[in-house]
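Tertiary structure, described
Residues per chain are reported as follows:
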Amino acid sequence: MTYNVLSFPLIGRFLRWRWGRLVLQTALLAVTAVLLYDGFTGRPLAPTNLATVVTWVHYRGLVMLALLLFGNLFCMSCPFTLPRTLARKVSGHGRRWPRALRSKWLAIGVLFVYLWLYEWLDLWASPLLTAYVILAYFVASFVLEAIFAESPFCKYVCPLGTFNFASATISPTQITVLSPDTCRTCPGKECINGNGDVLGCGTELFAPQISSNMDCVFCLDCARACPYDNVALALRNPLHEATTPDAWPRRWDLHLLILVFAFAGLSNAFGMVPPVYTLEAALGRWLHTNNEGLVLFLIFAVLNLLLPVGLGLSAAWLSRRFAGRREPLRVALARYAPALLPLAFAVWFAHYAGFHFLSSAMTIVPVFQNFLLDHGLTFLGTPDWTLGPLLPGAWLDPFEMVVVLAGFAASFYAVGVRARRADGRPDTLAAQLPWLALLLALALAAMFIFYLPMEMRGAGFAG
Amino acid sequence: MTTRMKTYKLGQITAVFLSLFLVLLSASACGGRQNHPTNDTGVTVTAEPAATAVGETTLVVTLTDASGQPVSDATVQVRGDMTHAGMTPVLRTGLPTEPGVYSVPFEWTMAGDWIVTVDFTLADGRSGTETFNFSIPTS
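Residues numbered from 1 in each chain as written. Chains lettered and ligands numbered in written order. Predicted model: local features only at pLDDT ≥ 70, side-chain atom pairs only at ≥ 80, totals over all residues.

1. Focus on the domain arrangement of chain A
Residues and elements named next belong to chain A. Going by this rule: Where each domain starts and ends follows an automatic or database-derived domain assignment. We call two residues in contact if the C-beta atoms placed from their backbones are at most 7 Å apart. Only DSSP runs of H or I reaching four residues or more are called helices, and only runs of E reaching two or more are called strands; each is numbered from the N terminus. Residues were grouped as follows: Ala, Val, Leu, Ile, Met, Phe, Trp, Tyr, Cys and Pro as nonpolar; Asp, Glu, Lys and Arg as charged; and all remaining residues, including Gly, as polar.
On domain assignment, one finds that chain A holds domain 1 (5-238) and domain 2 (249-451). For domain 1 versus domain 2, the separation of C-alpha centres amounts to 22 Å. Counting residues at the interface gives 27 residues for domain 1, matched by 34 residues for domain 2. Contributing elements (two or more residues each) for the side of domain 1 that touches domain 2: α3 (50-69), α6 (105-120) and α9 (159-168). The element contributing the most residues to the side of domain 1 that touches domain 2 is α3, with ten residues. Its residues assigned to classes, the side of domain 1 that touches domain 2 comprises 17 nonpolar, six polar and four charged.

2. Some details on the packing of helix α20 (residues 393-420) of chain A against helix α21 (residues 429-451) of chain A
All names here are of chain A. Quick reminder of the rule: Each axis is a line fitted through C-alpha atoms, taken for helices only over the stretch in contact, and angles between the N-to-C directions span 0 to 180 degrees. Between 65 and 115 degrees an angle is taken as roughly perpendicular, under 35 as roughly parallel, over 145 as roughly antiparallel, and anywhere else as oblique.
It is at 10 Å that the axes of α20 and α21 come closest, and there the two elements cross at 170°. By the angle between their axes, α20 is roughly antiparallel relative to α21. Contacts from D397, E400, M401, V404, F408, S411, F412, V415, G416 and A419 in α20 reach A431, Q432, W435, L436, L439, A443, A446, M447, F450 and Y451 in α21. In terms of residue class, the contact of α20 with α21 is built from 15 nonpolar, three polar and two charged.

3. Considering the environment of L452 of chain A
Residues and elements named next belong to chain A. Summarising the element assignment, L452 is placed in the segment after α21. In this structure the C-alpha to C-alpha distance between L452 and M272, which are 180 residues apart in sequence, comes to 9.3 Å. Beyond its immediate stretch of four places on either side in the chain, L452 contacts V273 and P274.

4. A look at the sheet that holds strand β6 (residues 101-108) of chain B
Residue and element names in this part refer to chain B. Convention followed: Pairing between two strands requires that DSSP report at least two bridges joining them.
Ordered by their spatial adjacency, four strands build an open sheet running β1-β2-β6-β5, and the pairing between neighbours is antiparallel. Here the strands that pair on one side only, and so sit at the sheet edges, are β1 (44-49) and β5 (95-98). The mean angle between the axes of side-by-side strands here comes to 35°, regardless of whether they run parallel or antiparallel. Bridge count between β1 and strand β2 (residues 55-64): six bridges; the pairing is antiparallel.

5. Structural notes on the confidence of the model for chain A
For clarity, the cut-off: Per-residue confidence from the predictor is reported as pLDDT, a score between 0 and 100.
Residues of chain A with pLDDT of at least 70 account for 96%, and the chain-wide mean is 92. This stretch, residues 457-463 of chain A, has a pLDDT under 50; its non-local contacts, to residues over four places away or in other chains, come to 21 contacts.

6. Focus: the nonpolar core
Heads up, the condition is: Note on terminology: a nonpolar core is a set of buried residues of type Ala, Val, Leu, Ile, Met, Phe, Trp, Tyr or Cys, with members joined through C-beta atoms within 7 Å. Comment: burial labels come from other C-beta atoms within 10 Å of the residue's own C-beta, placed from the backbone, where a count of 20 or more is buried, 12 or fewer is exposed, and between is partly exposed.
By size, the foremost hydrophobic cluster in this structure holds 159 residues, and its most contacted members are C222, I258, L340, L343 and A344 of chain A together with V61 of chain B. Top contributing element to this core by residue count: helix α18 (residues 341-360) of chain A, with 14 residues. Each residue touching L340 of chain A, except ones within four places of it in the same chain, is listed here: I258, L259, A262, S411 and L439 of chain A.

7. Considering the pairing of strand β1 (residues 173-177) of chain A
Residue and element names in this part refer to chain A. Taken across its five residues, β1 has four buried, putting it largely inside the fold. The sheet contact formed by β1 and strand β2 (residues 231-235) spans five bridges and is antiparallel. Paired with Q174 across the bridge in β2 is A234.

Shown next, in the form of structure tokens:
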């Protein structure tokens, strides 16, 4: 371990402070309350409503920046878990989450449904629907935490959590311990069990065994509960998980989640470019339907489920064959799938932090001024609606290309490292080729999509 | 006893959140904010774009009173928004070209769904707002 963020002046002290997370959550809860209020009562025009502007422009852009530069800050500050924490305190430990659901399968399903609903219902265009989505997070988190232990909402259900967990695997910080020996002889295991004042890890991760940011909500309760100050938030190589073969258990669900995450980044951007309309129209004619929900469901089922699973398993099968290995396909998949993480993150980053945030970040100023004027508050003046981009429009395409190429290069490197660290003997170049081909195809598809003119989808579907 | 106490607290917390939700809904239902476009002037407004393709165009706005007579000497402001959050709006002022007709130099900056808001102020000081939806196809 190089540096422990928890030992830094000020920031380290704040993060370790018992109420540190609560302060962050309360601040975000206040923001969320304003979003709910404006979403339910404000003008139903997305570009002028805080609910839609903050949720679909600023939240997504800032989350990507935080994940890249620090870690899973949103889950750390998540306001949805405030009532959850209350629910947990009053309901005790609750019953165990069903064994059959203790995997990422449900999370993959919820993420898929969420992304489909986002496209079908044009959530970005409706302050009211956006407010209902926010409310649904509160209700779901509260209900599940009141019934079950193990923070099932964060770990197994929440699509934001799933997205952040997958993205945080390339973040530069991770929970670890200063001395594993201290943990071995620790009688109370307070980091996971709690100590009476502080709850233990909500997602039941045991600090000395953490080798990944997957499932870590960065609550830092482990650090606060540890009686030996033995838990650290360490700076690490952001490619650690992408290049370390044993960072994750070799589970189908985890590795297929990464594939879905990678392909969903492309399909989410694809939903904004002209070819998706052509495809929708053609599919509608072929199926004799003008039901956009059905057509989009089929498109995204192919792009977000069938393609990642089909191409991922094909790459794993070919790689295993070229390597001459006798091993389960699951093991072959786990050898290289995490190498896709940097490129997958880069595609999401280019879209959310690049296109949407950099082109629109300053719109928050006139929208907030307008919100105040609606309530007769004039101290911030009249809105200047010309405010918008942080980056000139002509720079967006090059920025997105650079981000995608950087992600591709990092993933390319990760494949090579994983090949050298393969079980028993290094993999040959031939064994890497299927995964390199998949990476190249994803990167080219991303660049093709980002070069197309973006379009705001909505009522254009006629079947 | 402990279980009853837990149930009681759970009920309290649930009530707090339900109350918050109801307050929000009530605020919405009671019209606590005057932010929705209205037009109670009796003036009929139309807005017709010369072209519905990405690029510059002219929007022709007409104002007629209840008897169908053109309304002159009004000031006309037009705002074009895309349905997506984060888009910078197109803001223009209408120029009178003939009685009741106002020409607005406009630009569809992007393909997709647009909401055009026409704000007008009559010579007697009364004002109104109307909105129009347009779908601009990819060129």
